[in-house]
Amino acid sequence: MVRRVEQNLDRLWTRLAPFRRGPFKQDAFTSPLHSRKTAAILGIALGVSFTVCFLTGLLSHLIQHPPGWFLWPSRPAGLYRVTQGLHVATGIAAIPLLGAKLWTVFPRLFLWPPVENAAHALERLSLLPLVGGSVFLLVSGLNNIALWYPWEFFFPAAHYWAAWITVGALVVHVGAKGSITSALLRRQLPDPPAAPGGMSRRSFLASVAGAAGLVTLATAGQTVRPLRRLSLLAPRDPGVGPQGFPVNKTARSAVVTQSATDPQWRLIVEGRVGRPLSLSLADLRAMEQREVILPIACVEGWSATARWRGVPVQDLLALAGSPEQAEVTAESLQPRGLYRKSELNRLHAADADTLVALEVNGEPLHLEHGYPARIMGPNRPGVMQTKWLAKLVVS
Amino acid sequence: MTGERHVPSGSFFWLGLAAGWALMLFGLAGLLDDAARTHPVNFGVWFLGSALVHDALIAPAVFALGFAIVRVVPVRVRPFLRTGLILSAAALVVAFPTIAAPGVPGNPSALPRNYPAGLAVLLGLIWLGTGVMFVLKSLTVESRHD
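No experiment lies behind these values; they were computed from the predicted model shown.

A. Looking closely at the side chain of Thr56 of chain A. Residues and elements named next belong to chain A. Among the secondary structure elements, Thr56 is positioned in helix 2 (residues 36-64). At a separation of 3.1 Å, a polar atom in the side chain of Thr56 contacts the side chain of His87. Residues in contact with Thr56, not counting those within four places in the same chain, are Thr83, Gln84, Leu86 and His87.

Now the structure itself:
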């Protein structure tokens, strides 16, 4: 049965042979750079960068939507800054790598015969989600860091599920190409001489590596502060914003301008506590203050370190008589939105450096940074450093 | 790449195929299950559109440029031109959203720079560097001829 199908396929391609024109022709693409070896080297580089992107992205997803078995620690304080900075930087560096890889293998799109057997058909079919997914992930991610959403879907959800689809297609691809890739890389093939005026493989790969380095330098300053003057294309500057660092959600878009500046504002501590609390800003300021130096590390890959001052969450829990190992939900004044609440797991709630912050860099919090009070703790994504704090619910 | 065949086979391939399709189906199921946020139809347009726009528009344009270079540009200039174009293309793609994005009203800390100027500086540096490399290479080649 399988053999019959294959024979029929053979007959079909023979009959279609006269239509084998344009890019389908035997020697339509002449550059020796379209070689398997070039494709293998670029494939390894892309495989490594996509793996880094997938793992760091998955980690960020787990931190924000923790399943029961996942407990994200509060230490080391700067870990999330590194993993998420890496996620975005690696994705940006992968852009020229993917471009070069697609250019190298493009002639194979016009392979003749197009399909030889079932395995070949399944392998080639899996290239559609691989190419579509890879381009989709890099384009949507790049747009997201510029806060540009020219589509209907919610970026984090679409980017997340697209990552699973793409990684699945990548696993198929590695299964199909793994043995030939390792064989090609082990063989010490000499760099084939470039055609006159052509580019050698070495200078092609060096140019692509140079392009990856260039776009990394041009953007990494949004999280690596010493590079900020060099990073001409970074969508954020860690030194620009109210009180000297950037803002993601503004008070106006969160609709908290009135409630946050209301003198009647109170911080409520309730839930599984012995004594529910209702504290004014003056009450909070009268408590013992703690000062910590912590980065604010955004999911979009930028980060900025600041000096925060306020009341440790731990002290408030003790004052309210909450049990040991408590978990806390921090709620914002924000009336709506997916990020109006965040969870402090037991490690974050018990960390002495997790603050209800009232000041930053020696001044009361700017309204854009969460006045009158915000959560600021070690090793948390920026979206979980809840601004315009209204309530701590202990559970 | 002509004449090279590689039809996949072997247990490693079939194992990868099974695992990979399982992951893809997991992703697809998750996507459909979360339809209120993922808008599967719009997602599909962007996802498949990404492959289509690349294969039908971007790649042919790049190859057309490649063929044009071979026709028009002197042999000794070509490698440098190609390096300059690879670097410029990367800079253009990464700069594109920063220039095309509308920005966020009321949030001057988002996209705070003058990106067209930044891109111009980068392109200037790229082509200055490529030009210097070309001149240096020409000089060494000439001195070898002396």
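B. Inspection of the packing of helix 3 (residues 79-105) of chain A against helix 5 (residues 127-145) of chain A at higher detail. All names here are of chain A. It is at 10 Å that the axes of helix 3 and helix 5 come closest, and there the two elements cross at 140°. Overall, the two elements helix 3 and helix 5 adopt an arrangement that is oblique. As for how helix 3 packs across helix 5, the hand of that crossing is left-handed. Residues Val88, Gly91, Ile92, Ala94, Ile95, Leu98 and Leu102 of helix 3 form the contact with helix 5, whose participating residues are Val131, Ser134, Val135, Leu138, Leu142 and Ile145. Taken together, the residues that form the contact of helix 3 with helix 5 break down as 11 nonpolar, two polar and no charged.

C. Structural view of the domain arrangement of chain A. All names here are of chain A. Per the domain assignment, the segments making up chain A are domain 1 (2-191 + 199-227) and domain 2 (243-394). Inter-centroid distance (C-alpha atoms) of domain 1 to domain 2 is 40 Å. Domain 1 puts 25 residues into the contact, and the matching count from domain 2 is 26 residues. Where domain 1 abuts domain 2, roughly 2100 Å² becomes buried across the two surfaces, and 51% of that area is made up of carbon and sulfur atoms. A per-residue breakdown of the area domain 1 buries against domain 2 is headed by Leu71, Ser74 and Arg81, which together make up 26% of the total. Here Asp351 makes a salt bridge to Arg75, at a shortest N to O gap of 2.8 Å. Inspection of the region where domain 1 meets domain 2 yields 16 residue pairs in polar contact (both at pLDDT 80 or more).

D. Representation of the interface of chain B and chain A within the structure. Between chain B and chain A, the contact holds 73 residues from the first and 91 residues from the second. A buried area of about 7000 Å², summed over both sides, lies between chain B and chain A, and 74% of it is on carbon and sulfur atoms. The interface formed by chain B and chain A contains one salt bridge. The partner of Asp237 of chain A in a salt bridge is Arg113 of chain B, and the shortest N-O contact between them spans 3.6 Å. Our enumeration of links across chain B and chain A arrives at 13 residue pairs in polar contact (both at pLDDT 80 or more). Looking at the side of chain B that touches chain A, the elements with two or more residues in it are helix 1 (11-33), helix 2 (35-38), helix 3 (40-72), helix 4 (78-100) and helix 5 (115-145) of chain B. Residue composition of the side of chain B that touches chain A, grouped by class: 47 nonpolar, 18 polar and eight charged.

E. How the structure looks around the packing of aromatic side chains. Residue and element names in this part refer to chain A. Within this structure, the stated rule accounts for 29 aromatic pairs over all chains. Centre to centre, the rings of Tyr160 and Trp164 are 6.3 Å apart; their planes meet at 85°, and the pair counts as edge-to-face. Placement of both Tyr160 and Trp164 in helix 6 (residues 155-186) is noted, with a separation of four residues, approximately one turn of the helix. One exposure class covers both Tyr160 and Trp164, and it is buried.

F. Examining unusual backbone geometry more closely. Residues and elements named next belong to chain A. Residue Pro76 follows Arg75 across a cis peptide bond; omega there is -10°. Position of Pro76 among the secondary structure elements: in the loop between helix 2 and helix 3. Pro372 follows Tyr371 through a cis peptide bond whose omega is 10°. Position of Pro372 among the secondary structure elements: in the loop between strand 8 (363-364) and strand 9 (374-376). Of note in this structure, Leu147 is not a glycine but carries a positive phi near 50°. Taking the relative accessible area as the measure of exposure, Leu147 reaches 15% and is therefore buried. At Gln325, a position not held by glycine, the phi torsion is positive, near 60°. Its location among the elements puts Gln325 in the loop between helix 11 (313-319) and strand 5 (328-332). Gln325 gets classed as exposed once you look at its relative accessible area, which sits at 58%.

G. Quick look at a nonpolar patch on the surface. All names here are of chain B. On the surface, Val121, Leu125, Leu128, Val132, Val135, Leu136 and Leu139 cluster together into a nonpolar patch covering about 650 Å² of accessible area. Position of Leu139 relative to the elements: it lies in helix 5. According to the relative accessible area criterion, Leu139 is partly exposed, its value standing at 49%.

H. Layout of the environment of Leu125 of chain A. Following the sequence through the fold, Leu125 of chain A ends up in helix 4 (residues 118-125). For the pair Leu125 of chain A and Ala169 of chain A, spaced 44 residues apart in the sequence, the C-alpha separation amounts to 9.5 Å.

I. Fine view of the sheet that holds strand 2 (residues 277-279) of chain A. Residue and element names in this part refer to chain A. Across the sheet, which stays open at both edges, the five strands sit in the order 2-1-10-5-6 with mixed pairing between neighbours. The open sheet has two edge strands, strand 2 and strand 6 (341-344), and neither has a second partner. Pairwise comparison of adjacent strand axes, ignoring direction, gives a mean angle of 15° for this sheet. Two strands pair when backbone bridges link them, and strand 5 and strand 6 are joined in this way by four bridges, in the antiparallel orientation. The residue bridging Val328 from the neighbouring strand is Leu344, located in strand 6.

J. Structural context of the nonpolar core. Formed by 60 residues in total, the largest nonpolar core has its most connected members in Ile92, Phe136, Phe204 and Leu233 of chain A together with Phe43 and Val94 of chain B. No other element matches the 13 residues that helix 6 of chain A contributes to this core. Once residues lying within four places of it in the same chain are set aside, the contact partners of Val94 of chain B are Ile92, Ile95, Leu142, Val215, Thr219 and Leu233 of chain A. Of all hydrophobic cores here, the second largest spans 26 residues; its members include Val269, Leu279, Val311 and Leu358 of chain A.

K. Looking closely at the pairing of strand 3 (residues 290-297) of chain A. Residue and element names in this part refer to chain A. Pairing of strand 3 with strand 4 (residues 303-312) involves eight bridges; the strand directions are antiparallel. Paired with Pro295 across the two strands is Thr305, which belongs to strand 4. Hairpin geometry of strand 3 and strand 4 is characterised by an intervening segment of five residues between the two adjacent antiparallel strands and by a positive phi of about 95° at Gly301.

About the cut-offs
All chains use their own residue numbering, which begins from 1 and follows the written sequence. Starting at A for chains and at 1 for ligands, labels are handed out in the order in which the entities are written. Thresholds applied to this predicted model are a pLDDT of at least 70 for local features of residues and 80 or more for the giving and counting of side-chain atom pairs; totals over whole chains, interfaces and linings are not thresholded and use all residues. With hydrogens and water set aside, each side-chain value is computed from the structure's full complement of heavy atoms. Helix numbering and strand numbering both begin at the N terminus, where a helix is a DSSP run of H or I of at least 4 residues and a strand a DSSP run of E of at least 2. Definition of a polar contact: a pair of N or O atoms within 3.5 Å, with one able to donate and the other able to accept a hydrogen when the atoms are protein atoms, and with sequence-neighbouring residues admitted only if both atoms are side-chain atoms. Only heavy atoms matter for contacts: two residues are in contact if any of them lie within 4.5 Å across the pair. Whenever a helix is involved, its axis is fitted only over the stretch in contact; in every case the axis is a line through C-alpha atoms, and angles between N-to-C directions fall within 0 to 180 degrees. We call two directions roughly parallel when the angle between them is under 35 degrees, roughly antiparallel when it is over 145, roughly perpendicular when it lies between 65 and 115, and oblique otherwise. Here a crossing is called left-handed whenever its near helix is offset anticlockwise from the far helix by less than a right angle, and right-handed whenever the offset is clockwise. By the convention adopted, Pro, Cys, Tyr, Trp, Phe, Met, Ile, Leu, Val and Ala count as nonpolar, Lys, Arg, Asp and Glu as charged, and the other residues, Gly among them, as polar. An automatic or database domain assignment provides the domain bounds reported here. For any pair of parts, buried area is found by adding up, for both, the accessible area (1.4 Å probe) each one loses once the two are put together. In the sections that follow, a salt bridge refers to a side-chain nitrogen of Lys or Arg positioned within 4 Å of a carboxyl oxygen of Asp or Glu. Aromatic pairing here means that ring centres of Phe, Tyr or Trp (its six-membered ring) are within 6.5 Å. Orientation follows from the plane angle: under 30 degrees is stacked, over 60 is edge-to-face, and everything else is tilted. Accessibility here uses a 1.4 Å probe with only protein chains present; expressed as a share of the type maximum, an area under 20% marks a residue as buried, one over 50% as exposed, and anything in between as partly exposed. For patches, a residue must show more than 30% relative accessible area and have no salt bridge; joins then use 9 Å for like charges and 5 Å for nonpolar side chains, namely Val, Leu, Ile, Met, Phe, Trp and Tyr. Accessible surface is estimated by sampling points in the Shrake-Rupley manner with a 1.4 Å probe; for residues, cover comes only from the protein chains shown. Two strands are counted as paired when DSSP detects at least two bridges linking them. Here the nonpolar core consists of buried residues drawn from Ala, Val, Leu, Ile, Met, Phe, Trp, Tyr and Cys, with membership extended through side-chain atoms lying within 4.5 Å.

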